Amino acid sequence: MATRLLDFPTPVLRGNELESGRAGRRGGGQGHVKLGRAWVSCCCPDPVVPARRTRSSEKPDDTWRFDLQKVVPASQRVRVRATPSMPFSSPQSPFVPKQEKFFRRCTQRNFVPQSRDTPPKRDTGIANEKDWGINLLNEHVNESGTNDDGSTWYRESGEDLGENGYRCRWTRMGGRSHDDSSEWKETWWEKSDWNGYKELGVEKSGRNAEGDSWWETWNEALFQDEWSNLARIERSAQKQAKSGYENAGWYEKWWEKYDAKGWTEKGAHKYGRLNEQSWWEKWGEHYDGRGSVLKWTDKWAETEIGTKWGDKWEEKFFAGIGSRQGETWHVSPSNNRWSRTWGEEHFGNGKVHKYGKSTTGESWDIVVDEETYYEAEPHYGWADVVGDSTQLLSIQPLERPPGFFPNLDFGSIPPPPQPPPPDDSPDSTTM
C-alpha cells in the first residue's frame, strides 16, 4: 500500500505574520492570545479549541509557503495564527479501529497477521490503552506462513521470568511483502512484579515501497512512589518517521505523570524537518495538587539560508496570584534581529500589570482591571487516567510464595527535583 509519509504543521513566516503549527487550547487575556501553547501579543481573538489531545482531524494541505520579505517594522503588530497540519495521505489512523481489526485475529490462532504499514500521525499525543487493542496470547506460539500474494508473516508469544516475581508476557508479530520492499513489526507486552509494579506497552516499526520508514512506542505503568508511598501512573509515547523521497522527517516524545493526590506533570518534545526548513517545539505543565501551576512553551524554526524565528512563554500561578511572560523573535539571513517581549503580573485583586517592549521602539507599561484566568487543575487528571487504565490495573502478578517478602531498595536520599528544560532556542533574546 503506497503511503505518503510526512505530515507537518510547519511554522511559516509569511510576510509579517508568523504562522504557528497548530491552534491552541486556551484563550488569552486582553491584548494577548494563546496559540499552540504560546501567549503572544495579538490584535485578534483566538478560538477556544478542545484541550484534550486525542486525534488529528485536520484536512490535508499540500501547499507549502515560505515567503520572507523583511524584518517586522514597528508600525505593524505581530499576528500568530495556525496552519492546518498535513496528515499522512493514508486515510487510516494507527489509533482507530485497531481493537476491531486485530483483536479477533490474535485471540484465534487460525487468523494470520495482516500487513500493517500505516505510519503514526503527528500531534496525536498519548493514546489510551483501549485504542491499541492489546490482547496477549495465553499459550506460547511460534508460527509463520506465506499469504496468497507471496507476502510472509510470523507470530510469536512467550513469557520471561526474573527476580522478585518479575514476569513479562509478550507477543511479537510481523511480515514483509513478496519482494521485500515493505516490512512491519509489532510487539505487545505486560510486566509485573511482587512490589506492585505493572506495565503495559507496544512497540511498532515499518517501512514501505516508497522508502518511508517509521517507529513508534507506547507504554503505561503503575507503581508506588518510593518517597510519598502514593500510587502513580505514568504514560509515554515516542514516534518518528522519515520520508523516502525527500529530506523530511519528524520525531515526538510525549509523557504524562500522575499521583493519587493530584500531582501531575505533562510535556512533549518535538522536532521536524522538510527540505530546507527545520523546527522544534518543547512544552511542559506541572500541577502540584495544591493549586500551584507552572506551564511553559518554547518553539522555534530556521531555514538553511539563515532565517530563524520563534516564540516562547511561561506562566506561574497560585491562589489567583501569578505572572505570565513571553517573547516573539525573528532573525533575518543578514542577521537583522527583531524581538518583542511582554509580561503580566496578576495581583489577585482584579488588577493586572502589563508591560512589554520591542527592538523597534514599541513599549507599554499599564495597569488594567481584568479578571485573572488560569487552569489550576489539569483537564485530564488522576481520576481520568485511572478510568482509562483498566487493562493495566487488571494485570495479575505471579503468586507470591508464603513468607516471601519483595526486595525494596529506596536508596539513601530522595531524588533531586527536576530542573526546568534548558532554553536552547537559537538567537532568542533573554526574557
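These figures come from a predicted structure and were not determined experimentally. (Residues numbered from 1 in each chain as written. Predicted model: local features only at pLDDT ≥ 70, side-chain atom pairs only at ≥ 80, totals over all residues. Heavy atoms only, no water.)

### Description of the overall build of the chain
To be explicit about the condition: Under the scheme used here, helices are H or I runs from DSSP no shorter than 4 residues and strands are E runs no shorter than 2 residues, and both carry numbers assigned from the N terminus. In what follows, a contact means two residues having at least one pair of non-hydrogen atoms within 4.5 Å. Every accessible area reported is derived by Shrake-Rupley at a probe size of 1.4 Å, with residue values counting cover from the shown protein chains alone.
Per the secondary structure count, the chain includes four helices and 21 strands. Within the chain, contacts between residues separated by at least 24 positions form 55% of all contacts whose residues are at least 6 apart in sequence. For the chain, the accessible surface area stands at approximately 20,800 Å², while carbon and sulfur atoms represent 50% of it.

### Quick look at the pairing of strand β16 (residues 293-303)
Put simply, the rule is: A 1.4 Å probe rolled over the protein chains alone gives each residue an accessible area, and that area as a share of the maximum for its type sets the label: buried under 20%, exposed over 50%, partly exposed in between. Pairing between two strands is assigned when DSSP locates at least 2 bridges connecting them.
For β16, the tally of buried residues reaches nine of 11 residues, placing the bulk of the element in the interior. Here strand β15 (residues 277-287) runs beside β16; their pairing, made up of 11 bridges, is antiparallel. Bridge pairing links tyrosine 287 to valine 293 in β16. Counted between consecutive antiparallel strands, the loop separating β15 from β16 contains five residues, among which glycine 289 sits at a positive phi close to 85°.

### Details of the packing of aromatic side chains
To keep things clear, this is the line we draw: Note on aromatic contacts: the rings of Phe and Tyr and the six-membered ring of Trp form a pair at centre separations within 6.5 Å, being stacked when their planes are under 30 degrees apart, edge-to-face when over 60 apart, and tilted otherwise. Comment: the charge-over-ring label is applied if NZ (Lys) or CZ (Arg) is within 6 Å of the ring centre and within 35 degrees of the ring normal.
In the structure shown here, the tally under the stated rule is six aromatic pairs. Ring plane angle 75° and centroid distance 6.1 Å describe the contact between tryptophan 254 and tryptophan 283, whose orientation is recorded as edge-to-face. With tryptophan 254 in strand β13 (residues 248-259) and tryptophan 283 in strand β15, this pair connects stretches of sequence that are 29 residues apart. Each member of the pair, tryptophan 254 as well as tryptophan 283, is classed as buried. On the basis of an interplanar angle of 10° and a centroid distance of 4.5 Å, the ring pair of phenylalanine 317 and tyrosine 374 is categorised as stacked. Placement of phenylalanine 317 in strand β17 (residues 308-318) and of tyrosine 374 in the loop between β21 (363-369) and α3 (382-387) is noted, with a sequence separation of 57 residues between them. Pair check on accessibility: phenylalanine 317 and tyrosine 374 agree, each one buried. The aromatic ring of tryptophan 250 is capped on one face by arginine 122, whose charged end is 5.6 Å from the ring centroid. A cation sits over an aromatic face here: arginine 172 above tryptophan 170, 4.1 Å from the ring centre.

### A look at unusual backbone geometry
Phi is mostly negative for residues that are not glycine, and the peptide bonds are mostly trans. Positive phi values are uncommon outside glycine, yet asparagine 229 reaches one of about 65°. Relative to the elements of secondary structure, asparagine 229 occurs in the loop between β11 (213-224) and β12 (231-242). Since its relative accessible area comes to 48%, asparagine 229 is described here as partly exposed. In this model, asparagine 275 sits at a positive phi of 55°, which is unusual for a non-glycine residue. Relative to the assigned elements, asparagine 275 resides in the loop between β14 (264-274) and β15.

### Structural notes on the pattern of salt bridges
Short version of the rule: The salt bridge criterion pairs a side-chain nitrogen of Lys or Arg with a carboxyl oxygen of Asp or Glu, the two atoms within 4 Å.
Across all of its chains, the model carries 26 salt bridges by this definition. Two residues, glutamate 190 and arginine 169, come together in a salt bridge whose shortest N-O distance is 2.9 Å. Placement of the pair is glutamate 190 in strand β9 (residues 183-192) and arginine 169 in strand β8 (residues 167-176), with a sequence separation of 21 residues. On the basis of relative accessible area, arginine 169 is assigned to the buried category, the value being 16%. Among the ionic pairs, glutamate 256 bridges to arginine 235, the shortest N-O distance being 3.0 Å.

### Overview of the pairing of β21
Judged from the seven bridges that link them, strand β20 (residues 351-358) and β21 form a sheet pairing that is antiparallel. Note on β21: the bridge partner recorded for lysine 357 is serine 363.

### Considerations on the side chain of lysine 295
Worth spelling out the cut-off: In protein, a polar contact requires one atom able to donate a hydrogen and another able to accept it; more generally it is a pair of N or O atoms within 3.5 Å, and residues adjacent in sequence count only if both atoms are side-chain atoms.
Position of lysine 295 relative to the elements: it lies in strand β16. In this structure the side chain of lysine 295 is engaged in a polar contact, spanning 2.7 Å, whose partner is the side chain of glutamate 375.

### Here's the deal with the environment of arginine 340
Residue position: arginine 340 is located in strand β19 (residues 337-346). Look at arginine 340 and you get buried, because its relative accessible area is 5%. As for arginine 340 and threonine 359, which are separated by 19 residues in sequence, their C-alpha atoms are 6.6 Å apart. Here the side chain of arginine 340 touches glutamate 362 through a polar contact of 2.6 Å, side chain to side chain.

### Considerations on the nonpolar core
Here is the rule we go by: For this analysis, a nonpolar core means a set of buried residues of the types Ala, Val, Leu, Ile, Met, Phe, Trp, Tyr and Cys, connected via side-chain atoms within 4.5 Å.
With 22 residues, the main nonpolar core has Trp132, Ile134, Trp188, Leu200, Val202 and Trp218 as its most contacted residues. Counting only elements with at least two residues in this core, the list comes to β9, β10 (198-207), β11, β12 and β13. With residues up to four places along the chain from it excluded, the contact list for valine 202 reads Trp132, Ile134, Glu186, Thr187, Trp188, Trp189, Glu216, Thr217 and Trp218. Counting five residues, the second largest nonpolar core, distinct from the first, contains Leu274, Trp279, Ala301 and Trp309.

### Describing the confidence of the model for the chain
Reading predicted coordinates in detail is not appropriate for stretches of low pLDDT. Test applied: One number per residue, pLDDT, summarises how confident the predictor is, and it ranges from 0 to 100.
Overall, the prediction assigns the chain a mean pLDDT of 77, with 67% of residues at 70 or greater. The low-confidence segment residues 1-6 (pLDDT under 50) makes 37 contacts with residues lying over four places distant or belonging to another chain. This stretch, residues 410-414, has a pLDDT under 50; its non-local contacts, to residues over four places away or in other chains, come to five contacts.

### Here's the deal with the environment of serine 363
Mapped onto the fold, serine 363 is located in strand β21. Between the C-alpha atom of serine 363 and that of threonine 341, which follows or precedes it by 22 residues, the distance is 9.3 Å.

### A few points about the environment of valine 367
As for its placement among the helices and strands, valine 367 is situated in strand β21. Along the sequence, valine 367 and glutamate 344 sit 23 residues apart, while their C-alpha atoms lie 9.4 Å from each other. For valine 367, the residues in contact, after removing those within four places along its chain, are Lys351, Val352 and His353.

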